[in-house]
Amino acid sequence: MNNTYSETAPAAGTRKFDVESIRSDFPILARKINGRNLIYLDNAATSQKPRQVIKSLTDYYEQTNANVHRGVHTLSIEATDEYELARSKVANFINAPRPEEVIWTRNTSESLNLVAATWAEQNVGEGDNIVITAMEHHSNIVPWQQLAARKKAELRYLAAGEDGLLDISNLESIVDSRTRLVAMTHMSNVLGTVNPVRELADRAHAVGAVILVDAAQSVPHMPVDVRSLDVDFLCFSAHKMLGPTGIGVLWGRYDLLEEMPPYMFGGDMILEVTYEDANWNKLPYKFEAGTPNIADAIATGAAVDYLNDLGMDNVWLHEQELTVYAMEKFSALNEVKILGPKDPTLRGGVVSFIHETIHPHDLGTALDQQGIAIRTGHHCAMPLIRSFDVVAAARASFYIYNTKSEIDALVNGIRETEGYFSR
Ligand code: 7TS
């Protein structure tokens, strides 16, 4: 088994950050939508895929396809090596101490459910509390609501202030000696807010609690280092970081994963089975019952290679530049209110907004006529969206292939739509 991928990620990247050259790697960006060039600004929902990732899928199915961890034949050995190499690349990408700490799941949602059904099932009891924030995606709310109800535990929220920042003024009273878990988003998929994870990790650890980070919106966009954040669990999805759908990651601290019971039972996750009983395989296989998503894991490795070539520092800088530009341009739109922090340095490339007179769905449909894809709705964060006294918002979210001229087109598109609706 090849687990020896140990180069550290090239933070600065090895390829020049040239947006035109990046764009040429993404076949879908050549598409016309309603007769116009596609402008894809729905990256927080899912990213587009470069040729290199698509090719890794076809290469795998054309050249290597076999089941893993089983055969002695060449294809099975090659498939296993590639599958495990991808795991090591992911471990490296987030600076995980060991590749066995990286568990392949279907997506962020499954990673969160896994922790709720195993670690939390064992460690949260009556009278304990779980602390989340007011800016979580449903995936990081509902599993804890269900767990709290099951265990007669309390679910507590850290509030989001008017400024779009997490209110941690009362952190010491909310995260207390009965807190077992702090589960928080690293970056909000609605407000774009980047949360002070390390500060919360320190507080959680000071009271003997564990901290889980929903990194679905951070890992694709900024350097994330689980050691410097000092967190215990971290979850993300490949499809938001140039990789395929249907595969995600749960990273956990080795000692915690070791103590956790399995999530699913079946092939691969066992060491020995008798007619009466069974015991469990070592990490990470204990959490990977059945034939895994081999092709998509390998393609996730290709996505990580692509991002490393660019350098995550550069990815973040590019998105910051776009965010500053978008917020400046949006400020000229009198009927548009941007949600989230005003200071672009406190947020990532997610710009949600409410139009005073045009419903977001109408705006989204009108922009689609111009080839512009944005997200509209509650963004799977209903409680947060409702706290702004609306039921829906529009959202533009950026990635490595977006440009300032696309933001200009968005702003012009909103103006055009305003003209149409005021007729
Ligand atoms: N957590 C956050 C912060 C997210 O933004 C999302 C998906 C998830 C969890 C769930 O990820 P999944 O891969 O399991 O679905 N966010 C969005 C979004 O903002 N629009 O569509 C999906």
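Above: the structure in question.
These lines cover the structure that appears in this document, whether it is placed above or below.

## Observations concerning the environment of Ile407
Here is step 1 of the chain: Mapped onto the fold, Ile407 is located in helix H14 (residues 404–422).
Here is step 2 of the chain: In this structure, the C-alpha to C-alpha distance between Ile407 and Pro344, residues 63 residues apart in sequence, is 15 Å.
Here is step 3 of the chain: If we skip the residues at most four places from it in the chain, Ile407 touches Leu322, Tyr325, Ala326 and Phe398.

## What to know about the site of the ligand
Here is step 1 of the chain: As a matter of local geometry, the ligand sits amid 17 residues, with Ser109, Asp214, Gln217, Arg375 and Arg395 nearest to it.
Here is step 2 of the chain: A distance of 2.7 Å separates an oxygen atom of the ligand from a polar side-chain atom of Ser237.
Here is step 3 of the chain: In the complex, 90% of the free accessible area of the ligand, which totals 490 Å², lies under the protein chains.
Here is step 4 of the chain: In terms of residue class, the shell around the ligand is built from three nonpolar, 10 polar and four charged.
Here is step 5 of the chain: Each of domain 1 (5–49 + 311–421) and domain 2 (53–308) gives at least three residues to the shell around the ligand.

## A closer look at the nonpolar core
Generally speaking, nonpolar side chains in soluble globular proteins are found buried as a group.
Here is step 1 of the chain: Ranked by internal contacts, the top residues of the largest apolar core, which has 80 residues, are Ile211, Val219, Val231, Leu234, Leu242, Ile400 and Tyr401.
Here is step 2 of the chain: It is helix H10 (residues 294–310) that provides the largest number of residues to this core, a total of 11 residues.
Here is step 3 of the chain: Residues from two domains meet in this core; each of domain 1 (5–49 + 311–421) and domain 2 (53–308) gives at least three.
Here is step 4 of the chain: Excluding residues that lie within four positions of it along the chain, Ile400 makes contacts with Phe17, Val19, Ile22, Phe26, Leu242, Tyr306, Leu310, Val315, His318 and Glu319.

## Details of the pattern of salt bridges
Here is step 1 of the chain: Overall, the coordinates contain 20 salt bridges when judged by the stated rule.
Here is step 2 of the chain: With a closest N to O distance of 2.7 Å, Arg87 and Glu84 form a salt bridge. Of this pair, Arg87 and Glu84 both sit in helix H3 (residues 74–93), three residues apart, which is roughly one turn of the helix. We note that Arg87, like Glu84, is buried.
Here is step 3 of the chain: Connected through salt bridges with shared partners, the residues Glu84, Arg87 and Glu288 form a single ionic network.

About the criteria used
- Residues numbered from 1 in each chain as written.
- Predicted model: local features only at pLDDT ≥ 70, side-chain atom pairs only at ≥ 80, totals over all residues.
- Heavy atoms only, no water.
- Helix = DSSP H or I, 4+ residues; strand = E, 2+ residues; numbered from the N terminus.
- Contact = heavy atoms within 4.5 Å.
- Near = heavy atom within 4 Å.
- Polar contact = N/O pair within 3.5 Å; in protein donor to acceptor, adjacent residues only side chain to side chain.
- Areas by Shrake-Rupley, 256 points an atom, 1.4 Å probe, with all protein chains shown as cover.
- Nonpolar A, V, L, I, M, F, W, Y, C, P; charged D, E, K, R; others polar.
- Domains from an automatic or database assignment.
- Core = buried A, V, L, I, M, F, W, Y, C linked by side-chain atoms within 4.5 Å.
- Buried < 20%, exposed > 50% of the residue type's maximum accessible area, 1.4 Å probe, protein only.
- Salt bridge = Lys/Arg side-chain N within 4 Å of Asp/Glu carboxyl O.

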